[in-house]
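Letter by letter, the chains look like this.
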Amino acid sequence: MTFTDLNLLRTFVTLYELRSVTGAARRLHVTQPTVSYSLKRLRERFGDELFRREGNDMVPTAKATQLFGPLHNALAQIDATVMGSDVFEPTGFSGELVVGLTSIGEQTFLPPIMTALGRVGADPRIQVERLDSDEVESGLIRGTIDLALTVSRIATPRLWRTHVRSVEYVALSSGSHPLPATGPDMFEGRRFVRVSARGGHVYPLQALTEHDLMSQVVLTMEEYGTVPAVLEATDLVVLLPRHVAGVFCGWFPRLRIAELPWPGQSTPVELYTRREASLSQAQRWFRSLVLDAVAADEYKS
């Protein structure tokens, strides 16, 4: 395989990920005509159109989808071999890394991530982008974020993912207005606060709807940040993940956790990045650090 062949394959993988000639040219640091010429050669090589233009997107054909996995993995192995002798040294690293998090993610995952960075002596500029569940894939692929933590399941060959922790929901309320013992009538006469599901946390809405409790929702909020303060000052109840409830109880010791009278398991928190061939050494190192910092013990290798 010649160097030119490798460049063609890298163009193919980048086009598949970004679905844009302009975006591919920007990431590969070449001109748009160069990408278009490479695509012409790829079409000749594989005897297939590979990508069809639909509006502003380059949509892959079935043949392109079939080729992506093997070609991406081959490039990742080549890159790993070439860079294998170069050891990334995090001490003193001061580049920018962008993390996609929900409001819950900021409150529960940022403290251990920043603590882990301090332990290794790295001093990157961390920027947090608020995460909407339907923007995770596009943000990672475009390179506007380097890593994302979300409960939204994203099934795509364009991203790398791994479980971070399981999610079990509980009820949280003020100790001044405690819930009764767990049972089918424990929420009778109680009022609820509900938080937007745009970050992927859809369980509360599903549970409140399924158990005919939506009529008892008196406050709807966009973010979780002020929820514990609201709970402590009122008789309201919220449904949220157990690990988040634990954090809130650390901030507001008078809050009380109650078990739900129905199954509370939801989709797990997962960590997402681009695939190996598209990551820099700094991004690979950061992914490993974050995974070690936030993953539950059962998900650590």
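Residues numbered from 1 in each chain as written. Predicted model: local features only at pLDDT ≥ 70, side-chain atom pairs only at ≥ 80, totals over all residues. Heavy atoms only, no water.

With an unreviewed UniProt entry as reference, the protein is termed LysR family transcriptional regulator, source organism Arthrobacter wenxiniae.

**Q** Any chance you could explain the pairing of strand S8 (residues 217-221) here in plain terms?
**A** Two faces make up the sheet, and in a regular strand the side chains alternate between them. Pairing analysis gives four bridges linking strand S7 (residues 192-195) to S8, with the strands arranged parallel. Among the inter-strand pairings, arginine 194 is bridged to a residue of S8, identified as threonine 220. For the handedness criterion, the β-α-β arrangement of S7, helix H7 (residues 203-210) and S8 is classed as right-handed. (Pairing = 2+ DSSP bridges. Helix = DSSP H or I, 4+ residues; strand = E, 2+ residues; numbered from the N terminus. Right-handed = clockwise from strand over helix to strand, strands pointing away.)

**Q** Is there a simple way to think about the environment of valine 35 in this case?
**A** Among the structural elements, valine 35 can be located in helix H3 (residues 32-46). Taking the relative accessible area as the measure of exposure, valine 35 reaches 1% and is therefore buried. Along the primary structure valine 35 and proline 90 are separated by 55 residues, whereas in three dimensions their C-alpha atoms are 34 Å apart. Non-local contacts of valine 35, meaning those with residues more than four positions away in its chain, are made with Thr11, Leu15, Val21, Ala24, Ala25 and Val30. (Buried < 20%, exposed > 50% of the residue type's maximum accessible area, 1.4 Å probe, protein only. Contact = heavy atoms within 4.5 Å.)

**Q** Would you mind going over the pattern of salt bridges with me for this structure?
**A** Close approach of charged atoms allows side chains with opposite charge to pair. Summed over all chains, the structure comprises twelve salt bridges. The closest approach of N and O atoms between arginine 161 and glutamate 270, which form a salt bridge, is 3.4 Å. One end of the pair, arginine 161, is in strand S6 (residues 159-174); the other, glutamate 270, is in strand S11 (residues 265-274), and 109 residues separate them in sequence. Overall, the relative accessible area of 37% leaves arginine 161 in the partly exposed class. For glutamate 270, a relative accessible area of 1% puts it in the buried group. (Salt bridge = Lys/Arg side-chain N within 4 Å of Asp/Glu carboxyl O.)

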